[in-house]
Every structure is written in structure tokens, then in C-alpha cells.
Amino acid sequence: MLVSALEALQVLLSPQHLLWTATGVALGVMLGIIPGLSGLTGMAVLLPLVVGLEPASAIALLIGLMAATTIGDTFPSILMGVPGTAASQATVVDGYPMARQGLGRFALGASFMANLLGGVLGAMTLFLLIPLARPLILGFGSPQLLALTLLGLSLIAVLTRGAVGPSLVAALGGMFLASIGSATMTGEYRFVGNVFYFYDGLDLLILAIGLFAVPSVLSLLTQGQAVTPELQSSRGGVLRGALTALRHRGVLIGNSLLGTFLGIVPGIGGSVIDWIAYGGTKRLARKNRENFGKGDVRGVIAPEAANNAKDGGVLVPTLMFGIPGSATAAILLGGLATIGVTTGPSMLRPENLYLILVIAWTLALANVLGALACMGMVGPLSRLSLLQPRTYAPFLLVIMLVAGYQSGRRWGDLVAVVVIGLLAWLMQAMKWPRPPLLIGFVLGPAAENYLWLSVSRYGWDWLLWPSVLVILGIAAITIASSFTGAGPGAVLDRATAQADGGSDDRRTNA
């Protein structure tokens, strides 16, 4: 462990790694500032571009972008009252009223400090969990991994906010798309028809770009107007806000730990975690609870600390089990596979351990760089929201098509990006969740391979193993609870709905 830590630190401090981390952070901040262009969009477009990079460089680019997006999204949330990403919805409730009172810079300073410390604490948790989880995970065989994969699918389908039925259908649709082409274990071709393009299967990069990047840009174009016509004036200092965040240590540390541990559960996502953090902080506040919703800095610190800390938690199932903890993590898995990094228990072998440590240290570094950069560039970065979508959206569409073609260098890839993008835009209009489809696409092959290995090695006796029965039982209870209105999924929904409802009331009053 110590040798791996030193090796990871050496990689982290190399000029090349620092350069790629800074590049990823810069891109992430830019994407976060423009509502509609989330980290999903950036990750989807970046995937083809990491092909050929050294693993450490590619990891630096992807992790830097993932961490910084949830820092940059603070700008529109506070200054314009528009969430930069789904993970910053709760920040609007108190952040925007503060900006209207002329305390925009103060609120930004507090949120950036919360982002910084939350992200670092999340990365430290990932680092500390490695020695604890390593013996357990390395003892898992294909039956337990298959059960965990099914558990991940059940949690993703249930905990995605919205109707359960569409989430399950989307997840199954993703598994179906993953089965197109040749089977990994047998080589048998399935669902290819007479279309030559399907013989190699559908590429994850194509699906990710079409599913998330294209609809985001199309939505911006159809809106046809800048995020805001003018910026709110503000007084107060960024530094004073940062120091104020440090004085609320209980809110800061408590919500960072909450975000980290909720992030470990696949499927919850930042859009739920920030509301849980906001609602919990308001409920536990002993003084001036009535100030929440009117511009209380605690209402900014809590969700921002939680939604940045969650990244460390999300990476636990993603890296150690190969089960993506969010849609962004699913794309990250594809990126790691593209550069030859196999996630799951094999990452905890001594020869691969340093890669997890590189990811943990890079996540902490990216949060520090992103928060400091945003603090120093509050003025100029805020003005990006004044740009009209027609000035940059066509350029982004071209970049997406080039990125799609770059992944396989086949003309069919361009057609696939356009077709999937239009279908995803339709799903977005119908309010059908898209992340379960992508995660089903990622987990489908893993479930099929683990099933094939389990049956070939143990017959069907593994279905009666106690560890398998426990995990499958949890998956069954989770799905059943979503239909009966009880259980952890429903409790989370009620908690977030309660906080969400309160915020709606406040917006109405405003």
C-alpha cells in the first residue's frame, strides 16, 4: 500500500499529469457555468479524445472534468437562479436570494470553500476505504459479482427520480442495446439483421454522445436566448464568504460525510443528494431556521459540500465493483475501458492499486484547483452566461460529430449519433430518464459474463449460496419497495420531495 501510494504521488506531481488535470478542470468549469451542458455532456465528448493517451493522463483529464463541473455550476445557480447542473438545484434556494441582496460574491466564496473541502473529504474517504474493502472484494467470485450487478441495476432503476416503470424499461433497453453484435463468451452474433454496422456492436462512446450531449445542445438552440440578459450586482467579498463557510464546520463536515456515503449507493445521484443535505441541514438547524429560503449561507454550504463529496463515494462501487454509481460514472467506466484499465476486483491487485490512488489524489487536486480558479475568476467567468446559444451551439454540434466519428472511424457512427440524439431528445421531452439506459448498457455485458462464468463453473448451486441470497434479497426488496411506497427508495423520494416542495414555495413567494 505504501509503495503504491508513493508511486501514485509521483505520477500525480508529474508536469504531464498536472497539465491534463488543469485542462480537465478548465473544461469542467466552463461546462458547469452553462446550464444544460452538464458533466455528462463533457465526458461523452471527451471519451474519443482520450484514445491513445497514457492511462494517468486520461484519468487526469476525465477526473478533472468530473470534479470541476459541480464547482462551475455554482455560478448560474447563485447569480442567475438557474441550476448549472441537476446537482446544484438546492443551491438556488438560498444562493439566488443572496445574489438579489447584493451578496453574490459572498455566497460564491462560501460555496467554493464548501466545494473544495467537500471534494477533498470525499477523495480522502475513497482513499481510506481501499484497505478496508480490499480483503472483502478480492474474496468475491463471479456469483457474488453477478448478484451485485443485479443489485446495482435495481437501485439505479428505483432511485432515479421519476416513474419506476420508465426507469426499468430504460435500463432493460440499455441491456438490449448492449447485446447487439457478437457475444463476448461464445462469439455468437445477435440482433444484427443484415446491417453490417451492427456486427461490431454499438459503441458506448456513440451512445453516450447521442444520449446526453446532442439533446443538451439542441435544447439550448431551441430556447434561443442567453441564460440571463444581465448579471446581478453584488457586494461583499469572496474571501469573506470562504471564511464564513469555515466557521460553519458542523454543516460543512457533516454534509461532506453525508454526500460521500450517499454517493456510495449506486443511482442516488447529485440531484437527490443535494436536496437531502439541504433538507437535513434545515431540520437540524437550532438558530434562525426561518432564514432558510431567504438567503441563509448554510443553505448554500450544505448542498455544495454534499454534491462535491459524493464523487469520492460514487467512485467506490465504480472502481472496486465495476458498477457505476451514476450516469457520469458509467461514462467514466467506458473511458477507463478505452485506455485499457479494467475496473472491478482486479483493480485492487498490488500491480493496479496505484491507479485507484492516482484517481483519489487527482480527485482531491481537481477540487482544489477548480475551487481556487473559480474564486480568482468570479468576474470574467460569470459573463460567459451572457453568450447567445447560437454563437457556440453549432460549434459544439460539430465537435460532437467529429468525436463520434473519431471513436470508430466509420460513417455509420455519424448516422448513429444523429439517430440516438433525436431519440434521446424525444425521451427528454417525454420526461423518460436516460441515465438508466446508459447504465443498463454498461452493466448488461458484465451481468451476462458473470452469469456465463457462474453456470459453467458451479452449475446452478451458487443460487443457494448465503452471500448471493442476501444480495439478491436486497435487490428484490428494493424493487418491491418502489411499488409499495415503503423502503429506502421511497424514504429518499419523500425526503427530497419535502425539501423540493419547500423550495418551490419559496420561489413562488420570491
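About the cut-offs
Residues numbered from 1 in each chain as written. Predicted model: local features only at pLDDT ≥ 70, side-chain atom pairs only at ≥ 80, totals over all residues. Heavy atoms only, no water. Helix = DSSP H or I, 4+ residues; strand = E, 2+ residues; numbered from the N terminus. Buried < 20%, exposed > 50% of the residue type's maximum accessible area, 1.4 Å probe, protein only. Contact = heavy atoms within 4.5 Å. Areas by Shrake-Rupley, 256 points an atom, 1.4 Å probe, with all protein chains shown as cover. Phe/Tyr/Trp six-rings, centres within 6.5 Å; stacked < 30°, edge-to-face > 60°. Expected span 1.5 Å × (residues − 1). Arc of directions from axis to C-beta. Salt bridge = Lys/Arg side-chain N within 4 Å of Asp/Glu carboxyl O. Patch = residues over 30% accessible without salt bridge, like charges linked within 9 Å, V, L, I, M, F, W, Y side chains within 5 Å. Axes fitted to C-alpha atoms, helices over the stretch in contact; angles between N-to-C directions. Parallel < 35°, antiparallel > 145°, perpendicular 65-115°, else oblique. Left-handed = near helix turned anticlockwise from the far one by under 90°. Nonpolar A, V, L, I, M, F, W, Y, C, P; charged D, E, K, R; others polar. pLDDT = per-residue confidence, 0-100.

Sorry, what's going on with the overall build of the protein here?
Scanning the protein for helices and strands turns up 22 helices and two strands. Out of the 510 residues belonging to the protein, those deemed buried represent 55%. Sequence separation of 24 or more characterises 80% of the internal contacts of the protein that already satisfy a separation of 6 or more. Looking at the protein as shown, the accessible area adds up to about 20,900 Å², and 66% of this sits on carbon and sulfur atoms.

Any chance you could explain the environment of L218 here in plain terms?
Secondary-structure assignment places L218 in helix α10 (residues 204-223). Ignoring sequence-local partners within four residues, the contact set of L218 consists of L422 and W425.

Explain the packing of aromatic side chains here, please?
Aromatic ring pairs are described here by two measures, namely the spacing of the ring centres and the angle between the planes. A complete count under the given rule lists nine aromatic pairs for this structure. Taken together, the aromatic side chains of Y189, F196 and Y199 make up a single cluster linked through ring pairs.

How should I be thinking about helix α19 (residues 411-429) in this particular structure?
Since the α-helix advances by 3.6 residues per turn, residues separated by three or four positions end up pointing in the same direction. Helix length check: α19, at 19 residues, gives a terminal C-alpha distance of 28 Å against a target of 27 Å (1.5 Å per residue), a fit within 8%. The set of residues buried in α19 consists of D413, A416, V417, I420, G421, A424 and M427. Taken end-on, α19 shows its buried residues confined to a sector of 130°, consistent with a single buried face. When the buried face of α19 is taken as reference, the exposed residues oriented beyond 90 degrees from it are W411, V415, L423 and A429. Looking one or two residues beyond α19, the residue adopting positive phi is K431, at roughly 60°.

Mind showing me how you'd approach the pattern of salt bridges here?
Two side chains of opposite charge can pair, provided their charged atoms sit close to one another. Inspection of every chain in the model, using the stated rule, returns five salt bridges. Among the ionic pairs, R190 bridges to E448, the shortest N-O distance being 2.7 Å. Taken as a pair, R190 in strand β2 (residues 189-190) and E448 in helix α20 (residues 435-458) lie far apart in primary sequence, 258 residues in all. The exposure class of R190 is buried, given its relative accessible area of 19%. Of the residues examined, E448 reaches a relative accessible area of 32% and is grouped as partly exposed. Between R410 and D413 there is a salt bridge, with its nearest N and O atoms 3.4 Å apart.

Can you help me understand a nonpolar patch on the surface in this one?
Taken together, V169, V415, V419, L423, L426, M430 and W432 make up a surface patch of nonpolar side chains, about 640 Å² in accessible area. In terms of residues, the nonpolar patch owes the most to one element, α19, which gives four residues. Note that V419 resides in helix α19. Residue classification places V419 among the partly exposed positions, given a relative accessible area of 43%.

It is not clear to me how the side chain of T362 should be interpreted in this structure. Could you clarify?
Relative to the helices and strands, T362 resides in helix α16 (residues 353-376). Note on T362: relative accessible area 0%, which makes it buried.

Could you clarify how one ought to interpret the packing of helix α1 (residues 2-12) against α16 in this entry?
The geometry of a pair of packed helices is captured by two quantities: the angle between their axes and the separation between those axes. At their nearest, the axes of α1 and α16 sit 8 Å apart, and the two run at 50° to each other. Of the possible angle classes, the one that applies to α1 and α16 is oblique. Crossing geometry of α1 relative to α16 is assigned as right-handed. Judged by residue contacts, S4, A5, E7, A8, V11 and L12 of α1 engage L353, Y354, L357, V358, W361, T362 and L365 from α16.

I would appreciate a short explanation of the environment of L357 in the present structure.
Residue position: L357 is located in helix α16. In this structure the C-alpha to C-alpha distance between L357 and F127, which are 230 residues apart in sequence, comes to 6.7 Å.

Is there a simple way to think about the packing of helix α6 (residues 89-100) against helix α14 (residues 298-320) in this case?
Contact geometry of α6 with α14 gives a least axis separation of 8 Å together with a crossing angle of 145°. As for the relative orientation of α6 and α14, their crossing is left-handed in sense. Judged by residue contacts, A90, T91, D94, G95 and M98 of α6 engage G299, V300, P303 and E304 from α14. Residues belonging to the contact of α6 with α14 are distributed by class as follows: four nonpolar, three polar and two charged.

Can you walk me through unusual backbone geometry in this structure?
Glycine aside, residues mostly have negative phi angles, and peptide bonds mostly take the trans form. Positive phi, normally seen in glycine, also occurs at F191, with a value near 55°. With respect to the helices and strands, the residue F191 is situated in the loop between β2 and α10.

Please explain the confidence of the model for the protein as it appears in this structure.
In low-pLDDT regions, the fine details of the predicted coordinates are not to be read closely. Here the protein averages 78 in pLDDT, and 83% of its residues register 70 or above. Confidence over residues 498-510 falls short of pLDDT 50; this stretch has 17 contacts with residues more than four positions distant or in other chains.

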